Every structure is written in C-alpha cells, then in structure tokens.
Amino acid sequence: MSKKANQMGLELALYTVVFLVIILGHVDAQSLLDDEHAVLLKLKKHWQNPPSLGHWSQSNSSYCSWPEIKCTDNSVTSLSLISMDIVGTLPPYLCDLQNLKKLVLQNNSLTNEFPTALYNCSKLDHLDLSLNIFIRTLPSSIYLLDKLTYLNLAGNSFSGDIPATIGRLNALRYLLLSNNLFNGSFPLEIGNLTNLKLLALAYNLQLKPFTLPSNYSQLRVLKYLWIPESNLIGKIPEKIGDLVSLKQFDLSKNSLSGKIPGSLHDNGLSGEIPRVVEAINLGLIDLSENILTGTIPEDFGNLINLTSLNLASNQLSGAIPESVGRLPALMDLILFANNLSGKLPPDFGRYSMLREFDVGSNRLTGKLPKNLCYWGKLLLMKAFDNNLTGEFRQPLGNCTSLLVFDIHKNGFSGKIPAGVSSRKSLEVFKAYNNLLIGSIPQELTALSALTTLLLHHNRLTGHLPSDMVSWKSLNTLNLARNQLSGPLPEKLGFLQSLADLDLSENQFSGQVPPEFGLLRLNLLNLSSNHLNGIIPSEFDNPAYENSFLNNPGLCKVSQSVNLNKCNSSSKPIKSNKSRHKSLALIVGSGAAIAFVFVYCCFCSS
C-alpha cells in the first residue's frame, strides 16, 4: 500500500473518531437534559404537585427558563423555591441534579430530620433551609458538606447540641442558626471558621449557659455578630476588640457582666466605654440599658461608617463630642435617659441624613441645632426634659418628613409659628411645660395626621381657632394651664377620633357646646374656667363627676355630677343630633308651607 493511501486511511479514521465523539457528546448532553427534567418533575410529584409549581410540566421541557431555576451550560446549578407552599421532605434523588450549587427552600413546610442525602450534592456551596419545620439534632457528619460557603438553618425546630464538627466547614462565610430549639452545648469550634463574615445565633433561649469563646478573636473578617437572647453569661473577652472588620455587633438581652470591651444592649454592664475604639468599621453601636458611666469617647467621632449610635438608659455624663455631630453616615442618634450636659453640637444633621434624634431626659443646655432636618429625612425629634432654651419659632424649618416632635419640659419661649402647618406628616407634637406665648394658630389645625397635641403648662393666650381645618385623626388634646379665653369651639365636638380632652385651668367662658356630647371621651377635663349654663345631657352622669369643677356658672339636671343643680325652668342642652333633627323639621315644615302658598297663588290666578 502506498504512503499516500496510508495517510488517507489515517485521516478517515480520525474523522470517524471525531464524528463519534460529537455524536456521543450530543447524546450525553441530551441525556443530561432528559434526566434533569425528569428529576424536577419527580420532585414536583413528591411534593404533591403544589400549585406554585404548576408551570413545571412534561410539555414544558425548557426548564432552564423556569423562574426558580438557573442553569450553566444547560445544566441546573441553582434551585430557589422561596415561599412555595411546599410540604413534605427532601428526597435523595434531588442530588441527581449533579451540577447543583445553590439550593434555597426558605419559608416552606418541609419537615423531618436534617436531610443527610444532601451530602451527595457534591458541588453544593449555598444551602438555605430556613423557616421550615426540620426537627431533632443536627448530625455530626454535617462537615461532609465541605464546599458550603453559606448555611442558613434559622427558624426551624432543631434541638440538642450545635455539633462541634460545624467548625470543620472551613469555606463557610455565612452561618445562620437563629430561632431554633437548641438545648445543648455551644461549640467553641465555631471560632475556627476564619472565613466567616456573618454569624447569627440569636434567640436560642434554651441553649445551656455559655461564655463567648476567646478564640472568636480569630474571626478577623467577621462583619456581623448577632447573638441576642441566647443565654450568654460571664465577661466578654478583651480580645473581642481584635474583630477589626466588625460592623454590627449585638449580644443584647443576655446575662453578661463586667466591663465592656465592645457593643452591647440590655445587660448588666458597668464601667466606662473604652476610650480607644479599634473596630473602626462599625456601622452600629448599641450599648443601651446598662450601667455605663463616664463620657462618650471622642474616638466615636472617627467611626465614619457609623449609622446608628444608641447609648440610651445609662449613667453617662459630660458633653456630646462635637465630632459625633459631624459623622457622615449617622442616621439614628439615641442618647435619652443619661446625665449628659453642655450644648448640643451645632453640626448635627448638616453632614448626614438624620432619621431619629433622641436626646431626651438629660441636662443639656443651649439651643437645638438648626440643621437637624437639613436633608429632609428626619422622622423623630425628641429633646424633652432638658434645660434647652431659645425662641421656639421654627427650630426644624419646613421639615415635611417629621412624624414626632417632642420638646416638653424645657425653657423654649416665643410663639408657635404658623409655618408648622408645612409638617403635613406630623403625628405627635409635644411642647408642654415650656414658656410659649401667643395664640394657637389656625394653621395648626391643618395637620391631618396629628394624633397627639400637648401644649399644656405654657403661657398661651387668645381664643381657640373656631374652625378645625383637618384634625380628623386627633386622639389627645391637652391645652390645660394656659391663659386661653373665649368660647369653646363647637367644631371640637365633630372630632370623631378625639378620646382625651383637657382644657382645664384656662379662662374659657360661655356654655359647653352641645356638640361636645357627640364625643366618645375617655377623659374630659374642663375644670377651673369661667363656663356657665347647663352641661350637655351626655355628661350628666357619674363618669364625668370631676370634669367640670370650679366653674360656678355651670349647673346640672341630675344629682350625679359635682355641680349646682339647675333651677326648674332650665332645660338640659341636647347634643347636635337632636338639634339637627329639629332643624330638619323646621326646614321641612317651612318648605311645605312655602309650597302650599305658591300652589294657592297659582290656582287663584
């Protein structure tokens, strides 16, 4: 055979091999498609064909286009079935999806023990079985899921120990075991998971009491540590400060003791807050409801990522560092119930979008910072029970976002500005126990969202607005202990949501409007005014026996109220319901007479 013939034979053989490889590869690919489609349909049947998976069908073989599924190279790599009303168990053939990397079955009704059949999903790196009904103990063999970077088993009914072998999942970055029924021990080995970014073990109330292991200081990339209400005891290791990447740290509502090296809430911690804060990436500090003393560290002003600072209900003293007022990310400042003194830093709100500003119950002096609502995002402003002063005017400008404004028990003076009506969202307005003067502006009644208005114990004068523009939501109105005068506006009687009304210790005169009888009040106090006449019949009962004291001109019909009895010629005032009926009768009779008169004139013509 010639050399040329040999070469041709080799080329032919090579083409044949390539052809066979292509054909077989296509067959394998098609076989994989058929197999995965069959597995998915089998899963659907195993879960009793839930309606949420109605589009999983034999005729619809393009399963990579199903919204719950993601594919790579036409093979399933992600299966996400969140809140699909799936009931039952996880069958072992789930892992016949050989390239499955991500499995999310959050918020269904899956039950039974931890599905160890998942060990056969050899590429699985993301597992979320949270918010189901899995029970019993986690198996010590869980370390066989050694490729996992994300494990979420929160919101189930797992019990017993958290297995120590969980510390062998070296690739793990996110571990969430919150809200279970674990009643055994807590493994120190979790401290070996040096790649962890988030550790959530919250609300495991039945765990055996345990201390925070010192080896947790090895978690140098940990950003979120969340273990509230989980039976933590003892002291916090000093080395917790080595968690240099930490942004949020919550060990609240445990039984911790001793001095504080980090961020805690509602424990028995005492002493001073450390002057130096090494975890400079902190996004949240909550040290509230402890027994902390000393001053707020100047170092807090260096925490440029801090969004929330809560030091409420402690015994902190001294001034608030001015650098804290310039924090660029700060949204929530909560410092109420301390012994803080000095002036408020003037830059609060100028450099960050404040949402909540609460410095109530301290010893602060001076004026409110003028930029609190600079970015228009402020929802809550509380500065009550301090020694703050200055003209009331409009300390927050046209802050349309504001829901709660509380400055009671201070020394603010001046008039209530008419511009307050721009705060259309305002629900709570408390400025009692101040030195406010002038009248209550008509514009104040335009706040349709207002539920609580407390202006008692000031120096307000003049008449109440005769027309209530839009107090449709008002529940509580207290204007007591001022110098308000004139008649009581009958429009108050049409505020259907009003439950508490206190206008006592003023100089109101005239009769109690019968429209007040339309109100369904839990509290009514009109005492110590200059009112006269008969009280509305709806209030002539023992429930209101102390509502009209020190009004010598008022009288009653019955014996149930602490007032003089009206003489026999006096007639009780009825509510507007009766008056409206009488008016309708008069108008109706008048119309009938007019009709008869016109008709007669027409006939005579």
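Read on for a plain summary of the structure. (Residues numbered from 1 in each chain as written. Predicted model: local features only at pLDDT ≥ 70, side-chain atom pairs only at ≥ 80, totals over all residues. Heavy atoms only, no water.)

This paragraph deals with the pairing of strand 29 (residues 411–415). In this sheet, strand 29 lies alongside strand 27 (residues 387–391) in parallel orientation, the contact comprising three bridges. Counted as the bridge partner of T389 is G411 from strand 29. (Pairing = 2+ DSSP bridges. Helix = DSSP H or I, 4+ residues; strand = E, 2+ residues; numbered from the N terminus.)

All right, on to the pattern of salt bridges then. It is possible for side chains of opposite charge to pair when their charged atoms get near one another. Under the definition given, this model contains seven salt bridges. In this structure, E322 and R326 form a salt bridge, with 4.0 Å as the shortest nitrogen-oxygen distance. The partly exposed category is assigned to R326, whose relative accessible area is 39%. Within this structure, E322, R326 and D347 form a network of salt bridges that share partners. (Salt bridge = Lys/Arg side-chain N within 4 Å of Asp/Glu carboxyl O. Buried < 20%, exposed > 50% of the residue type's maximum accessible area, 1.4 Å probe, protein only.)

With that settled, the discussion passes to the state of the cysteines. One pass over the full model with this rule turns up four disulfides. Through a disulfide, C555 is tied to C566; the S-S separation comes to 2.0 Å. Torsion about the S-S bond of the C555 and C566 cystine: about 100 degrees, corresponding to right-handed handedness. Linking C555 in strand 40 (residues 553–556) with C566 in the loop between strand 41 (564–565) and helix 2 (576–604), this pair joins segments that are 11 residues apart in sequence. The same class applies to C555 as to C566, namely buried. (Disulfide = S-S within 2.5 Å.)

A separate point is the side chain of T452. Relative to the helices and strands, T452 resides in strand 32 (residues 452–454). Judged by relative accessible area, T452 falls into the buried class, the value being 16%. For T452, the residues in contact, after removing those within four places along its chain, are E427, V428, F429, K430, L474 and T476. (Contact = heavy atoms within 4.5 Å.)

In this section: the sheet that holds strand 7 (residues 133–137). Within the open sheet, the five strands sit side by side as 3-5-7-9-11. Their pairing is parallel. Sheet topology places strand 3 (87–88) and strand 11 (181–182) at the edges, where each strand pairs with a single neighbour.

A word on empty space enclosed by the protein. Within this structure, the stated rule accounts for two cavities of 30 Å³ or more. I440, L464, P465, M468, W471, L477, L479 and L492 are the residues that line the largest cavity. Its residues assigned to classes, the lining of the largest cavity shows eight nonpolar, no polar and no charged. Each pocket or cavity is described by its volume, and for the second largest cavity that value is around 30 Å³. Along its surface, the second largest cavity is lined by L90, P91, P92, L94, C95, P115, A117 and L118. (1 Å grid on protein atoms, 1.4 Å probe; cavity = no way out; pocket = protein on both sides within 12 Å on 5 of 7 lines; lining within 4 Å. Points joined across faces, edges and corners; volume = space filled by probe spheres on them. Nonpolar A, V, L, I, M, F, W, Y, C, P; charged D, E, K, R; others polar.)

Glancing now at the environment of M468. Secondary-structure assignment places M468 in the loop between strand 33 (459–463) and strand 34 (476–478). C-alpha of M468 to C-alpha of L447: the two residues are 21 residues apart in sequence and 9.7 Å apart in space. Excluding residues that lie within four positions of it along the chain, M468 makes contacts with Q442, T445, P489, K491, L492 and L495.

By the definition in use, this model includes 12 aromatic pairs. Relative to Y216, the ring of F186 has its centre 6.4 Å away and its plane inclined at 45 degrees; by these criteria the two rings are tilted. Residue F186 is located in the loop between strand 11 and strand 12 (198–200), and its partner Y216 is located in the loop between strand 12 and strand 13 (224–226); the two are separated by 30 residues in the primary sequence. What makes F186 buried here is its relative accessible area of 9%. (Phe/Tyr/Trp six-rings, centres within 6.5 Å; stacked < 30°, edge-to-face > 60°.)

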